[in-house]
Amino acid sequence: MPEATLTSIDIPVLGMSCASCVGRVEKAIKAVPGVAAASVNLAAERAHVAVTSPERAQAVVDAISSAGYEPLKRTFDLKIDGMTCASCVGRVERALQDVPGVLTVSVNLATETAAIVALEGAAEIPALIAAVERAGYGASPVGEASEQADRERLAREAEVTGLRRSVVLAAVATAPLFIIEMARHVIPGVHHWLVGVIGEQPWRIISFGLAAFVLFGPGLRFFAKGLPNLVRRTPDMNSLVALGTSAAFAYSAVATFAPRLLPESVDHVYYEAAAVIVTLILVGRLLEAQAKGRTSEAIKRLMTLQAKSARVLRNGEESEIPIAQVLAGDVVAVRPGERVPVDGQVVEGASFVDESMITGEPVPVAKGVGDDVVGGTVNKTGAFRFRATKVGAATLLSQIVRMVQAAQGAKLPIQALVDKVTGWFVPAVIGAAALTFAVWLAVGPAPALSFAMVNAVAVLIIACPCAMGLATPTSIMVGTGKAAELGILFRHGEALQTLNSVRAVIFDKTGTLTLGRPALTDLDPSPGFEEAELLRLVAAVETRSEHPIAQAIVEAAKAKGLKVPEAEAFEAVPGFGARAQVAGRRIEVGADRFMAHLGVPISPVAHAAEQMAAQAKTPLYAAIDGELAGLLAVADPIKPTTPEALTALHRTGLKVVMVTGDNRRTAGAVAAALGLDDVLAEVLPDGKAEAVKALQQRYGRVAFVGDGVNDAPALATADVGLAMGAGTDIAIESADVVLMRSDLRAVATAIALSRAVLNNIRENLLWAFGYNILLIPVAAGLLYPLFGVLLSPMVAAGAMALSSVSVVGNALRLRRFRSTAAPEPRGEPEPVAIPGGAA
């Protein structure tokens, strides 16, 4: 089905605990008619679904709920103006229902209100209001609209609070069981004291009550989810815990209340094992939930950049309203020290704005009438007003958040193997536990039944599908979040893995390796002429010209603080140059052929001009009153950070290639100056994609870095396309990665981060698979015939809890990633001139 006909929705899903949960949710979603694709991320707790129409969202949510999980929803209340009859109600309901992510709509004519239930994060108040207005009615939030809060964060905090309460209750009930049972086996005399003071049978009954409280109080969550999944023949980690603990508890209950049903030699109880298992796994769940909360800190930090309110000019008065109520076209006032609430264009006043969150540059940018401002940036000194152009989900900050969330929810190709394994892992563990029970019962030493039960429970408890399911997504979440902090946005999560395997990086020249605008690089006056005076007179002529080279000369004069006089009788000579009268002197500036036409000899500087041309510079000649006054050169300077970035790429073993439309001589000069490995010159814009294909044949996987404007075909053709976002332009559809800062060191950083993330994923997978492969046989009793070693179910529970926490903890190490290739910018460095110039 063509991608253009699909609607993408992101659904936060609570209650998933392991890779089996992921598989079950994906299977349930894909079974819904109209679903084209579904990807569920355990670490992000989100489902990314592509549907044929927005109306299918409710069916997807129902499927998730039927599978035993909780899709996170949000309710909006709107005041509707202009309704007069039931037909109006129907029109408003239909308009709201068409907003992507809206699940149910209920419009009340009597109260003139609408109650909307939508997927969390999929629909916001501005989109709902706009839909109502398109239907011909008015809408506004009911009462005081609350501040935009991170409801997913609140939901996770509620989960952590609930887990913390459960851990405390379980620990209080488990402590006497564990302490007394351990003491009676370790400390001499405690057993006889217990029998004499309390009695064996009364203590068993007390133990039964304490264990039952732990299992069916704080531990009820395992049974509530695990047993239904077992009945549906889709067992998960909860099923393993429920099976293991209930087996130990049931065996102990029979030994307590119907001991005659068991042989006398196996009349033992394992209440403390069942209670300790539940308590330890709850502790592991608590630590895991806290750690998983830290994996999304990048999103939280981005959300803190959003202003909570805005001062809007309405009806001639300024009034402060919640950010959700700002509409496109509103005039917004910003005072010194405040954050810019939404994107817009300055209409009054001037100031300096700190845009470091977008560009990474610490120097505030001057803003005046007509300049664009970005929501989330900080106003420094002055006050100004601007007209809102993008609000709600359309703002740059919202785009960045969505892009990061999409990348965090992506599944890398490496995840395919993990999905296949986890699909059969839990049933295989249950089978292994059954086999363990049967073997110990058949050939184990006396009491065989006790050995069989304990070892089977240990197998069920030691297995950890959580670690396997979290190994990849947690690393992706932390890695892409860290990338966003560094100004690198992965539009497609798969690029994170592909970037790791590229063998060559291809750069477009103009605007990527270079500044993309000409600059004066050389000024060599003839004998008898002063440099400043020559530049001042030539700039006077070029002030009247709109040619980019002319503008470069004028900018150079302004940069030196020269006062440029007025030019008279200006004349442009197409293909040659320009002339004018300046302060009573005849000034002529242009190419060598212009000087030949004027009869001005240039032989004294011919050699210098040839050297300049060989260095990719454009030589120009200036004549004053018919006499050669000097030689100038203009070139597109290399970006100041380009040499450092290319050196960093070479250090990682990558080939660096340039593709340009320049002639071979100019391209060769740039390539020599930068130490490039390869160069393709005289490539027309429509030939860049073919050039990329040729380089793929030569080097293998390649990345292409361009400005995203005329490089779209090449960006799409490369294995990974990296677009220079130029600060605010991040919606570059052809790129896989957007570099928000025009700093090529970010390319080296992106590749280094990709490698760090992939290494982290491999470490996680090695740990997760290695843990299960090694410890499940140990839990089954493989070491007993050789060393007499058995693994206690309590130890197995602790190890299982530690496994998940270890994987998440290892992923969190990526938050400390530092790239030596891209130090933080400390100011505006000077452009790098191509070697050989005077500038």
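Residues numbered from 1 in each chain as written. Predicted model: local features only at pLDDT ≥ 70, side-chain atom pairs only at ≥ 80, totals over all residues. Heavy atoms only, no water.

- Identification of the protein chain as P-type Cu(+) transporter from Phenylobacterium zucineum is taken from an unreviewed UniProt entry.
- The UniProt entry for the protein chain carries the following text under Sequence similarities (unreviewed entry): "Belongs to the cation transport ATPase (P-type) (TC 3.A.3) family. Type IB subfamily."
- Word for word, the UniProt comment on the protein chain under Subcellular location (unreviewed entry) is "Cell membrane". (UniProt positions renumbered as here; feature names shortened; annotations may be inferred.)

### Brief notes about the side chain of Thr 480
And step 1. Considering the arrangement of structural elements, one finds Thr 480 in helix α16 (residues 465–485).
And step 2. A polar contact of 3.3 Å, which involves the side chain of Thr 480, links it to the backbone oxygen of Met 477. (Helix = DSSP H or I, 4+ residues; strand = E, 2+ residues; numbered from the N terminus. Polar contact = N/O pair within 3.5 Å; in protein donor to acceptor, adjacent residues only side chain to side chain.)

### Looking at the sheet that holds strand β19 (residues 504–508)
And step 1. Overall, mixed pairing links the seven strands, which are arranged β18-β30-β29-β28-β19-β26-β27 in an open sheet. Every other strand in the sheet has two partners, leaving β18 (488–490) and β27 (678–680) as the edge strands with one partner each. Each strand of the sheet is rotated relative to its neighbour by a mean of 20°, with strand direction disregarded.
And step 2. Alignment of β19 against strand β26 (residues 655–659), held across five bridges, turns out to be parallel. In the sheet register, Ala 504 faces β26, and the bridge partner there is Lys 655. (Pairing = 2+ DSSP bridges. Axes fitted to C-alpha atoms, helices over the stretch in contact; angles between N-to-C directions.)

### Details of unusual backbone geometry
And step 1. Residue Pro 447 follows Ala 446 across a cis peptide bond; omega there is -10°.
And step 2. The residue Pro 447 is located in the loop between α14 (415–443) and α15 (448–462) in this model.
And step 3. Look at Asn 315: it is not a glycine, yet its phi comes out positive at around 55°.
And step 4. As for its placement among the helices and strands, Asn 315 is situated in the loop between β9 (309–314) and β10 (317–322).
And step 5. Asn 315 sits in the exposed class, given a relative accessible area of 85%.
And step 6. With a phi close to 55°, Glu 682 is a non-glycine residue in the positive phi region.
And step 7. Tracing the backbone through its elements, the reader meets Glu 682 in the loop between β27 and α25 (688–699). (Buried < 20%, exposed > 50% of the residue type's maximum accessible area, 1.4 Å probe, protein only.)

### What about the packing of α15 against helix α27 (residues 745–780)?
And step 1. Relative orientation of the contacting elements α15 and α27 amounts to 165°, with a least axis distance of 8 Å. The angle between α15 and α27 falls in the class roughly antiparallel. Taken as a pair, α15 and α27 cross one another with a handedness that is right-handed. Here α15 contributes Asn 455, Ala 458, Val 459 and Ile 462 to the contact with α27, which in turn contributes Tyr 771, Asn 772, Leu 775, Ile 776, Ala 779 and Ala 780. (Parallel < 35°, antiparallel > 145°, perpendicular 65-115°, else oblique. Left-handed = near helix turned anticlockwise from the far one by under 90°. Contact = heavy atoms within 4.5 Å.)

### Some details on the sheet that holds strand β15 (residues 372–373)
And step 1. Strand order across the open sheet formed by six strands is β10-β9-β11-β17-β12-β15, with antiparallel pairing between neighbours. For this open sheet the edge positions go to β10 and β15, each flanked by a neighbour on one side alone.
And step 2. Here strand β11 (residues 331–334) runs beside strand β17 (residues 384–390); their pairing, made up of four bridges, is antiparallel. Looking at β17, one finds that Val 331 is bridged to Arg 387.

### Some thoughts on the confidence of the model for the protein chain
And step 1. Here the protein chain shows a mean pLDDT of 83. Residues at 70 or above account for 89%.
And step 2. Across the protein chain, β26 holds the top mean pLDDT of 95, while helix α11 (residues 297–304) sits lowest at 68.
And step 3. Across residues 143–150, where pLDDT falls below 50, the model places nine contacts with residues more than four positions away in sequence or in other chains.
And step 4. A low-confidence stretch, residues 822–839 (pLDDT under 50), is modelled with 48 contacts involving residues beyond four sequence positions or located in other chains. (pLDDT = per-residue confidence, 0-100.)

### A closer look at helix α20 (residues 548–559)
And step 1. Here α20 spans 16 Å end to end across twelve residues, near enough to the 16 Å set by a 1.5 Å rise per residue.
And step 2. On its buried face, α20 sits against β20 (519–525), α19 (531–542), β24 (618–624) and β25 (627–635).
And step 3. Just downstream of α20, Gly 561 is the residue with a positive phi angle, here 75°. (Expected span 1.5 Å × (residues − 1).)

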